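Here is what each chain is made of, one letter per residue.
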Amino acid sequence: RADHPSNGGEALGMSSALVGDLCRFLAQLRGRLHSMGSNKADVSVSELSKDMLQRIMEWMKTMSDDYEGDHHVPRKGIAEARLFQMDKQWRSVFDEVANDLSAIWDLTEATYRNTAADMAGSVC
């Protein structure tokens, strides 16, 4: 039950309202599974699995702000992810790895000029 003190929602950082919504959602899924199972028609486990996964993902995206489109972006790092997405962090990331990348790929001005001049793409 969502209102039961031992539901563990608060320990997981979930509000009681969210736990209640989750319990109602899972009850709906159980009801759907039960009705499909008692239908005695051929039930494709693969199709059922895809349908349940889709419903669960839709619920998760609707009930939390942990998603940017289809990408899971946990709350703890969402601010950092948005900063990175806005290119404010690219320069520092590039500066940190530039020397290693240059050494690994033998990136010099000469190799850059050869690559840029290679219209056939044989250097790549």
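These numbers come from a predicted model, not from an experiment.

> Whenever I open this one, the overall build of the protein chain confuses me. Can you help?
In terms of regular secondary structure, the protein chain is built from five helices and two strands. Along the chain direction, N to C, the helices and strands of the protein chain fall in the order α-α-β-β-α-α-α. The buried share of the protein chain, reckoned over its 124 residues, is 13%. Taking as baseline every contact in the protein chain between residues at least 6 positions apart, the subset at least 24 positions apart corresponds to 19%. In the form shown here, the protein chain has an accessible surface area of approximately 10100 Å², with 58% of it arising from carbon and sulfur atoms.

> Is there a simple way to think about unusual backbone geometry in this case?
Comment: phi is negative for the bulk of residues other than glycine, and the bulk of peptide bonds are trans. Unusually for a residue other than glycine, D106 sits at a positive phi of about 50 degrees. Tracing the backbone shows D106 in the loop between α4 (90-105) and α5 (109-117).

> I tried to follow the pattern of salt bridges on my own but got confused; where do I start?
A full pass over the atoms with the stated rule returns four salt bridges. As a salt-bridge pair, R55 and D51 come within 3.0 Å of each other at their nearest N and O atoms. Of this pair, R55 and D51 both sit in helix α2 (residues 45-63), four residues apart, which is roughly one turn of the helix. Residue classification places R55 among the partly exposed positions, given a relative accessible area of 33%. Using a relative accessible area of 19% as the deciding quantity, one classes D51 as buried. When salt bridges with common partners are traced through the structure, they connect R32, D51 and R55 into a single cluster.

> So what exactly am I meant to see when it comes to the environment of E68 here?
Within the secondary structure, E68 sits in strand β1 (residues 67-68). When the C-alpha positions of E68 and A81 are compared, they lie 10.0 Å apart, and in sequence the two are 13 residues distant. If sequence neighbours within four positions are ignored, E68 has contacts with V73, I78 and R82.

> It is not clear to me how the packing of helix α1 (residues 16-38) against α2 should be interpreted in this structure. Could you clarify?
Between two packed helices, what matters for the description is the angle formed by their axes and the separation of those axes. Between α1 and α2, whose axes approach to 12 Å, the crossing angle comes to 165 degrees. Relative to α2, the element α1 lies roughly antiparallel. For α1 against α2, the interelement crossing comes out right-handed. Counted together, L18, D21, L22, F25, L29, R32, L33 and M36 of α1 and L48, D51, M52, R55, I56, W59 and M63 of α2 form the full contact between these two elements. Here the contact of α1 with α2 is built from residues that sort into 11 nonpolar, no polar and four charged.

> Mind showing me how you'd approach the nonpolar core here?
Nonpolar side chains in soluble globular proteins tend to be buried together. Counting six residues, the largest nonpolar core consists of L18, F25, L29, L48, M52 and W59. Taken together, the elements giving at least two residues each to this core come down to α1 and α2. If we skip the residues at most four places from it in the chain, W59 touches L18, D21, L22 and F25.

> What is the right way to look at the confidence of the model for the protein chain in this model?
It should be kept in mind that the predicted coordinates are not to be read in detail where pLDDT is low. Per-residue pLDDT for the protein chain has a mean of 75; in total, 79% of the residues score no lower than 70. Between the elements of the protein chain, mean pLDDT differs from a low of 73, seen in helix α3 (residues 78-85), to a high of 84, seen in α2.

> Help me out: how do you make sense of α4 in this one?
One turn of an α-helix holds 3.6 residues; hence residues three or four places apart share an orientation. Between the first and last C-alpha of α4 there are merely 20 Å, a value that for 16 residues lags more than 12% behind the 22 Å anticipated at 1.5 Å per step. Phi turns positive, to about 50 degrees, at D106, one or two residues after α4.

> Please explain the side chain of D66 as it appears in this structure.
Residue position: D66 is located in the loop between α2 and β1. If we skip the residues at most four places from it in the chain, D66 touches H71, H72, V73, P74 and R75.

Analysis parameters
Residues numbered from 1 in each chain as written. Predicted model: local features only at pLDDT ≥ 70, side-chain atom pairs only at ≥ 80, totals over all residues. Heavy atoms only, no water. Helix = DSSP H or I, 4+ residues; strand = E, 2+ residues; numbered from the N terminus. Buried < 20%, exposed > 50% of the residue type's maximum accessible area, 1.4 Å probe, protein only. Contact = heavy atoms within 4.5 Å. Areas by Shrake-Rupley, 256 points an atom, 1.4 Å probe, with all protein chains shown as cover. Salt bridge = Lys/Arg side-chain N within 4 Å of Asp/Glu carboxyl O. Axes fitted to C-alpha atoms, helices over the stretch in contact; angles between N-to-C directions. Parallel < 35°, antiparallel > 145°, perpendicular 65-115°, else oblique. Left-handed = near helix turned anticlockwise from the far one by under 90°. Nonpolar A, V, L, I, M, F, W, Y, C, P; charged D, E, K, R; others polar. Core = buried A, V, L, I, M, F, W, Y, C linked by side-chain atoms within 4.5 Å. pLDDT = per-residue confidence, 0-100. Expected span 1.5 Å × (residues − 1).

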